[in-house]
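Reading the structure
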Amino acid sequence: MRAVGIILAGGNNHRMKELSNKRAIAAMPIAGSYRSIDFALSNMTNSGVQKVAVLTQYNARSLNEHLSSSKWWNFGRKQGGMFVFTPTITKENSFWYQGTADAIYQNLDFLKRCHEPYVIIASGDGVYKLDYNKVLEYHIQKKADITVVCKELPPEEDVTRFGVLKMNEDCRIEEFEEKPMVSNSNIVSTGVYVIRRRQLIELVERCAQEDRYDFVKDILIRYKNLKRIYGYKMQGYWNNIAAVDSYYRTNMDFLKPEVRNYFFHQYPDIYSKVDDLPPAKYNPGSDVRNSLVSAGCIINGTVENSILFKKVFVGENCVIKNSIILNDVYLGDNTHIENCIVESRDTIRANSYHVGEDDIKIVIEKNERYVL
Amino acid sequence: MIKKEMIAMLLAGGQGSRLGVLTAKMAKPAVAFGGKYRIIDFPLSNCINSGVDTVGVLTQYQPLRLNTHIGIGIPWDLDRNIGGVTVLPPYEKSENSEWYTGTANAIYQNLNYMENYNPDYVLILSGDHIYKMDYEVMLDFHKANNADVTIAVMPVPMEEASRFGIVVTDDKAQITEFQEKPEHPSSNLASMGIYIFSWKVLKEALVTLKDQSNCDFGKHVIPYCFEQGKKLVAYEYNGYWKDVGTLGSYWEANMELIDIIPEFNLYEEFWKIYTSSEIIPPQYISAEAKIGRSIIGDGAEIYGEVENSVIGPGVVIGKGTVVRDSIIMKETTIGEGCTIDRSVIAENVTVGDHVETNVGEDIPNKLKPKVYSFSLTTIGGGSVIPANVKIGKNTAISGETTPEDYPDGVLESGETLIKEGDLA
């Protein structure tokens, strides 16, 4: 393979509200059985990338747990492999990663020791399938310095939390605005970039000298007119989950047959860590409709238009509607949950009532499970 | 130097002919069980959970499915630098090349494998039982009793004892007598086919009996050790243990898993059962589906009604179809408007629309009445069933069938329709 991969999985985001209290966004559970970073990692391995660095910083415990072995994504190889880099104190540097460019800078030795001519940078919060080879070919064909994978969003979509860009007929990026207040374009950056390795090293080193730390602001936007920066418009499903409403929506999208078919049944597959859980069990009294149910669940109540992640227990006479129940949640009898996201490992007491009225409600309850 | 205190030898070469078409293309230990597992997962998981990290799996009959399943042992953490799982098929030698002719003969032919690990004890297991057992406790028992051979036994109801190999013990658990399917049993302790041998005793017995034809543990090795005055003790096991050797017991054991709190509980954190999960996505239950009392594997898509059934991973059940009291294995597709009753449908089967199974009278199977009984309909792996046909009770189907195979659209009870595989 001609490229190494870097996955930027360090971030936290206030738009995730309480959901990012205990985990990095890249570790957010998606579609019942996956975590957000599985999509980037699977795209890497499916594109033949053999060497991937995951840069993480914020609340990395649950991400590290998920990445405890590289074998699930087929990275446990003699050639290459998966490397997880958290900030370390060195003689030159005793700071945390101060931005995406700084994160790469602090791990520049990794890049310098690679022999691959290109680097694919991806973020850990996108849900999509993409053959990075196609982007790489495009990058070479355009003689670009940097290629930004972008996606045209439907006009009604709010783009103010993205990097918004405008291209000329040749697809060279002419305007690039990070999180604009108002925008007249609906083409957004997906946070996937292709760049020549030596070019990246040079740009990141120069940034560091100037005390600049952000890849988008200090490289993409600053060098926009100086370097040949091109946009690659990706087709197919793409969603960024780094805000509660889009996290909810992305998960609910998997109730649509075309989305399921695209991710679950079409080549190539998305891989994830395997948890060795038994099949889901439906007891008398269960009534499940239009829902996704993951391994290890035990259901005694009603579930409608919802997603049950792994190992969820639904008590008798429970009613769950339009909700996302994350991993290992115990719902006591007669509980009513509607328009909610229930945080993982929660224990909800019997007879609880949670309904999200206007917005999606995030339910976090830390009760003792075994005294119920 | 390589040294393992105890290694396991898992006998997985048998056909399991009483499972009929289910074992047409795979050995019995590879047959699916409980929605996502295969029978061999239970002894393999027991091994790793008991701290036995060196397992030789003896294969012979149709090993392909088993080999792919085991791989290098990753799902069971049996991918080790030293030890781990090794698949041991019969091999050619400079003289006397032969297949494995009996359980003990198979072990004898792999003396070199065992010798490599310099073991003190060898655990002999078979790949066709469903149970959770800590072999380490059994080994402690073996050591505490200073035994040469320890046989795991379980109490069975006295009236059924005459169906088993029965051991009689004294009050110190030492075995004083063996009775093979006795008419008048003097004990109710049945041998489970699980043995711990002290290595020297096993090696000596196997070498001495090497010319015995069809050399078998129950028939030859154990009696030989007994005659030689070795110390044989019985280790009593009181948990769940199920032999799934017949279609009836296989079906029953699967159905027991869907009890509200099953006697054999797969949901305990303690003593996990591991398997090779190739299918990761969650299952989808559609708006018009109805599910009652069942277990369903990952990645299944259910558009119909499922009641009292065990559904494997990746199974698709079409709209308007009703599945009751049935076992449907991995990646089988059932069309729309079918009625599937009391059926065992193996992997990768395609069932057309409006098919009805288990119809008509309870007539014994004409070809193999002992195999295809229990009023079940059994469909072998990879079969194709055309649309709009009816299939009777005590029937078996294997291979790609067409409407012409069903006179008047019906396969009568008691009929067998085999179009491919070893049984054709």
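Let us look at the structure shown here.

The rules we used
Residues numbered from 1 in each chain as written. Chains lettered and ligands numbered in written order. Predicted model: local features only at pLDDT ≥ 70, side-chain atom pairs only at ≥ 80, totals over all residues. Heavy atoms only, no water. Buried < 20%, exposed > 50% of the residue type's maximum accessible area, 1.4 Å probe, protein only. Helix = DSSP H or I, 4+ residues; strand = E, 2+ residues; numbered from the N terminus. Pairing = 2+ DSSP bridges. Patch = residues over 30% accessible without salt bridge, like charges linked within 9 Å, V, L, I, M, F, W, Y side chains within 5 Å. Areas by Shrake-Rupley, 256 points an atom, 1.4 Å probe, with all protein chains shown as cover. Salt bridge = Lys/Arg side-chain N within 4 Å of Asp/Glu carboxyl O. Lys, Arg positive; Asp, Glu negative; His and termini not counted. Charge placed at Lys NZ, Arg CZ, Asp CG, Glu CD. Axes fitted to C-alpha atoms, helices over the stretch in contact; angles between N-to-C directions. Left-handed = near helix turned anticlockwise from the far one by under 90°. Contact = heavy atoms within 4.5 Å. Nonpolar A, V, L, I, M, F, W, Y, C, P; charged D, E, K, R; others polar. 1 Å grid on protein atoms, 1.4 Å probe; cavity = no way out; pocket = protein on both sides within 12 Å on 5 of 7 lines; lining within 4 Å. Points joined across faces, edges and corners; volume = space filled by probe spheres on them. Core = buried A, V, L, I, M, F, W, Y, C linked by side-chain atoms within 4.5 Å. Polar contact = N/O pair within 3.5 Å; in protein donor to acceptor, adjacent residues only side chain to side chain.

All names here are of chain B. Most of strand β1 (residues 6-11) sits inside the fold, with 6 of its 6 residues counted as buried. In β1, alternate side chains face the same way, and those of M6, A8 and L10 on one face and I7, M9 and L11 on the other are all buried. Alignment of β1 against strand β6 (residues 121-126), held across 6 bridges, turns out to be parallel. Bridged to A8 within β6 is L123.

So, on to a negative patch on the surface. Residues and elements named next belong to chain A. A surface patch of like charges, here negative, comprises D158, D245, E357, D358 and D359. Locating D358 in the fold gives a position in the loop between β27 (353-355) and β28 (361-363). Judged by relative accessible area, D358 falls into the exposed class, the value being 81%.

Attention shifts here to the sheet that holds strand β15 (residues 287-289) of chain A. All names here are of chain A. In space, the 5 strands of this open sheet follow the order β15-β18-β21-β24-β27, with parallel pairing throughout. Each end of this open sheet is capped by a strand with a single partner; those strands are β15 and β27. Going across the sheet, the axis of each strand differs from the next one's by a mean of 5°, ignoring polarity.

With that settled, the discussion passes to unusual backbone geometry. Residues and elements named next belong to chain A. Here Y267 and P268 are connected by a cis peptide whose omega angle stands at -5°. Secondary-structure assignment places P268 in the loop between α9 (257-265) and β14 (280-282). Here N339, not a glycine, exhibits a phi torsion of approximately 50°, which is positive. Mapped onto the elements, N339 comes out in the loop between β24 (336-338) and β25 (340-342).

All names here are of chain B. Running from N to C, helix α6 (residues 199-208) and helix α7 (residues 217-227) point in directions that differ by 115°, and their axes come no closer than 10 Å. In this structure, α6 meets α7 at a crossing whose hand is right-handed. Along the contact surface, α6 presents V201, L202, E204, A205, L206 and T208, while α7 presents F217, V221, Y224 and C225. Within the contact of α6 with α7, the residues separate by chemical class into 8 nonpolar, 1 polar and 1 charged.

Counting across every chain of the model gives 3 cavities of 30 Å³ or more. Approximately 220 Å³ is the volume attributed to the largest cavity. G35, K36, Y37, P313 and K330 of chain B are, among the 25 residues lining the largest cavity, the residues nearest its centre. Breaking the lining of the largest cavity down by element, the ones donating at least two residues are β2 (32-33), β3 (37-38), α2 (64-70), α8 (247-256) and β22 (327-328) of chain B. Here the lining of the largest cavity is built from residues that sort into 10 nonpolar, 8 polar and 7 charged. Quantified by volume, the second largest cavity comes out at close to 120 Å³. What lines the second largest cavity is a set of 13 residues, and nearest its centre among them are V274, D275, A295 and K310 of chain A together with D298 of chain B. Taken together, the residues of the lining of the second largest cavity sort by class into 5 nonpolar, 2 polar and 6 charged.

Let us look at helix α8 (residues 244-253) of chain A. Taken across its 10 residues, α8 of chain A has 8 buried, putting it largely inside the fold. The set of residues buried in α8 of chain A consists of V244, S246, Y247, Y248, T250, N251, M252 and D253 of chain A.

Another aspect to go through is the pattern of salt bridges. All names here are of chain A. Taken as a whole, this structure holds 40 salt bridges over all chains when the rule is applied. In this structure, the salt-bridge partner of R249 is E157, at a minimum N-O distance of 3.5 Å. Taken together, the residues R249 in helix α8 and E157 in the loop between β8 (146-152) and β9 (163-167) connect sequence positions 92 residues apart. We classify R249 as partly exposed; its relative accessible area is 38%. Overall, E157 belongs to the partly exposed group, its relative accessible area being 21%. Note that D218 and R212 form a salt bridge whose closest N and O atoms lie 3.9 Å from each other. Under the relative-accessibility criterion, R212 is labelled partly exposed at 29%.

Here we take up the nonpolar core. Ranked by size, the top nonpolar core spans 67 residues in total, and within it F33, L125, M133, Y135, I194, Y250 and M329 of chain B carry the most contacts. Examining the composition of this core, we find that 5 residues originate from one element, α8 of chain B, more than from any other. Ignoring any residue separated from it by four or fewer positions in sequence, one finds Y135 of chain B in contact with M6, P43, N46, C47, S50, L123, L125, I194 and I196 of chain B. With 47 residues, the next largest nonpolar core counts Y282 and I325 of chain A together with A300 and I397 of chain B among its residues.

Turning our attention to helix α5 (residues 132-141) of chain A. All names here are of chain A. Along α5, the residues that are buried comprise Y132, N133, V135, L136, Y138 and H139. Capping of α5 at its N-terminal end is provided by D131; its side-chain oxygen lies 3.0 Å from the backbone amide nitrogen of N133. Immediately beyond the C-terminal end of α5, within one or two residues, lies K143, with a positive phi of roughly 50°.

Take the sheet that holds strand β26 (residues 350-351) of chain B next. In spatial order, the strands read β28(A)-β25(A)-β22(A)-β19(A)-β16(A)-β14(B)-β17(B)-β20(B)-β23(B)-β26(B)-β29(B); together these 11 strands make up an open sheet with mixed pairing. Either end of the sheet is taken by a strand with one partner, and the two such strands are β28 of chain A together with β29 (384-385) of chain B. Bridge count for strand β23 (residues 333-334) of chain B against β26 of chain B is 2 bridges, and the pairing is parallel. The partner of I334 of chain B across the bridge, within β26 of chain B, is V351 of chain B.

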